[in-house]
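What follows is each chain in one-letter form.
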Amino acid sequence: MDTTGTGQGQCVDDRTPMPVNYVRNLLELIEDFGLDTDRLLARVGLDAAAVYSPEPALRFDQFRRVMEGARAMGGDPAIGLALGRQLTVTAHGLLGYAAISSADLGEALELLERYFRTRTRLCLPRLRVDGPWVRFCLAEPYDLGDIRVPYLEVVTAALVGGLRYLLGDRFRDATLILPYPAPAHADRYAAVLDMPVVFGGEVAALRFPAALMREPFALSDPASRRMAAQKCEEELQRLEADQDWASRVRARLMQAEGMLPSLEQLATSFHLTSRTLRRHLAALGVSYRHLLEEVRMARAVRYLQANLPVQKVADLLGYADPSNFTRAFRRWTGHPPSFYRH
C-alpha cells in the first residue's frame, strides 16, 4: 500500500495519457491572459511541437507540469475555473458529440458516466438519483498532489458549463459540492460558476433536481448519438484492455458508493468467478484485501481533509466503532486521523 506523500492512495503513473486538446485550451487561455506561452512551455520542459503534434495525448507528468507552470506564471489561483469555463462540449471529442445528440439530460449523463474514462482516468463519475434530487459525483482514484484543486476546478467548471450549454436557462436550482475546505479564492467560485458552491463535501458532486433529467435536447439525433456512442465504446474497450486487473479493480472500488463490494460481487460485475479474479490479482502480486484497504485509506484521507468528523468518516467506511477506524488508519498511514484534518 502506498503511504508516501499525503497518503491519498495510488499515485498517477506518469505515463497515463491526457487528451492533448485540454492542454491546448490551457495555453490559449494563458495567451488570453497576456502571458508568454513559449516561456511557459520552456519552463516546464516542453515545446510547441509536443503540444501541437498529431499525437492525441500527453503524459500525465507533462500535463501536471503545464498546470503547475500556468498557476505559477499566471498568478491566478482560480485559473482552473477559468479553463473549465473555456472548455466547450465539443472539446471532448466523440463523447461531446454523443452528449449533444442525446434525447435528454438523463441519456447524456449516462453516456458521461460510462465513457468519461475515454477522456480522463483522473476522476470517475457516478450518477445517483436520491428522491427528487440527482447527484453527478466525481470519485478520485489517484493522488494528484498539488494539482488536485485546480484539476477538480477544471472538471467541475466544464461540467457546469456543458449542462448550461445543453439546457440553457432550464438548468437551475443546482449546487456544486467540493471535497476540500474553502480555498483563499472561494469567492471566485460563485462568481465564475453563477451558482451556490459548498465546500467540505465527501466527494465532488453536482446536485440538481431530478426533473431536469427528462429535459429534452434541441439537437437530439438518435442516429448520430448511436454512432458516436459506438465509437466511444470501442475506445473504452481498447483502454480497458490495456489496463491491468489491479487498475480495473481499483477503479470499480473507487466508483462504488456506500459499502464497498466483496470480491465475489466484484468478480460477478466483471463476468468472472471470484477464483479467476483472485488469480489475476495474484499474478500482479496484489490481493483484493490490499486494494480494498488502499481505497479505504484514500477515502479516509479525503474525508478528513474535507474536515468531516472522525465519527462520520468511520461510519462512511463501515466502522461501527471509531476506535477501530483510528487503529486501522494508524496502520495505513503511520499517523492519527487528526494529522490529516485542516
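Because the structure is a prediction, the values reported are computed rather than measured. (Residues numbered from 1 in each chain as written. Predicted model: local features only at pLDDT ≥ 70, side-chain atom pairs only at ≥ 80, totals over all residues. Heavy atoms only, no water.)

### Considering the pairing of strand β5 (residues 175-178)
Right, so step 1: A two-sided burial pattern is seen for β5, the buried positions comprising Thr175 and Ile177 on one face and Leu176 and Leu178 on the other.
Right, so step 2: The pairing of β5 with strand β7 (residues 204-209) spans three bridges and is antiparallel. In the strand pairing of β7, Leu176 is matched with Leu206.
Right, so step 3: Where β5 meets strand β6 (residues 197-199), three bridges bridge the pair, whose relative direction is parallel. Paired with Leu178 across the strands is Phe199, a residue of β6. (Buried < 20%, exposed > 50% of the residue type's maximum accessible area, 1.4 Å probe, protein only. Helix = DSSP H or I, 4+ residues; strand = E, 2+ residues; numbered from the N terminus. Pairing = 2+ DSSP bridges.)

### Describing the confidence of the model for the protein
Right, so step 1: Averaged over every residue, the pLDDT of the protein is 84; the share at 70 or more is 92%.
Right, so step 2: Note on residues 1-9: pLDDT under 50 across the span, and 27 contacts to partners over four residues away in sequence or across chains. (pLDDT = per-residue confidence, 0-100. Contact = heavy atoms within 4.5 Å.)

### Let's talk about a negative patch on the surface
Right, so step 1: Negative charge collects at one region of the surface, where Glu28, Glu31, Asp32, Asp36 and Asp38 lie side by side.
Right, so step 2: It is helix α1 (residues 20-32) that provides the largest number of residues to the negative patch, a total of three residues.
Right, so step 3: For Asp38, the location among the structural elements is in helix α2 (residues 37-43). (Patch = residues over 30% accessible without salt bridge, like charges linked within 9 Å, V, L, I, M, F, W, Y side chains within 5 Å. Areas by Shrake-Rupley, 256 points an atom, 1.4 Å probe, with all protein chains shown as cover. Salt bridge = Lys/Arg side-chain N within 4 Å of Asp/Glu carboxyl O. Lys, Arg positive; Asp, Glu negative; His and termini not counted. Charge placed at Lys NZ, Arg CZ, Asp CG, Glu CD.)

### Some remarks on the sheet that holds strand β3 (residues 124-130)
Right, so step 1: In spatial order, the strands read β3-β4-β7-β5-β6; together these five strands make up an open sheet with mixed pairing. Both edges of this open sheet fall to β3 and β6, since each of them pairs with a single strand only. The mean inter-strand angle of the sheet, taken between neighbouring strand axes irrespective of direction, is 20 degrees.
Right, so step 2: In terms of strand pairing, strand β4 (residues 133-139) meets β7 through six bridges, oriented antiparallel. For Arg135, the partnering residue across the bridge sits in β7 and is Arg207.
Right, so step 3: Along the sheet, helix α7 (residues 105-115) contacts β3, β4 and β7; its crossing angle with β3, the most-contacted strand, is approximately 145 degrees.
Right, so step 4: Lying over the sheet, helix α9 (residues 186-193) contacts β5 and β6, oriented at roughly 150 degrees with respect to β6. (Axes fitted to C-alpha atoms, helices over the stretch in contact; angles between N-to-C directions.)

### Concerning the environment of Leu167
Right, so step 1: Mapped onto the fold, Leu167 is located in helix α8 (residues 148-167).
Right, so step 2: Judged by its relative accessible area of 4%, Leu167 falls in the buried class.
Right, so step 3: Here the alpha-carbon distance between Leu167 and Met254, two residues 87 residues apart in the chain, equals 29 Å.
Right, so step 4: Excluding residues that lie within four positions of it along the chain, Leu167 makes contacts with Leu105, Glu215 and Phe217.

### Regarding the pattern of salt bridges
Right, so step 1: The full count for this structure, using the stated rule, is ten salt bridges.
Right, so step 2: We note a salt bridge from Arg114 to Glu233, for which the minimum N-O separation is 2.9 Å. With Arg114 in helix α7 and Glu233 in helix α10 (residues 222-242), the pair connects residues that are 119 residues apart, well separated along the chain.
Right, so step 3: Where Glu202 meets Lys312, a salt bridge forms, and the shortest distance between an N and an O atom there is 3.8 Å. With Glu202 in the loop between β6 and β7 and Lys312 in helix α15 (residues 310-316), the pair connects residues that are 110 residues apart, well separated along the chain.
Right, so step 4: Using a relative accessible area of 33% as the deciding quantity, one classes Glu202 as partly exposed.
Right, so step 5: A cluster of three or more residues bridged by salt bridges with shared partners is formed by Glu140, Arg148 and Arg302.

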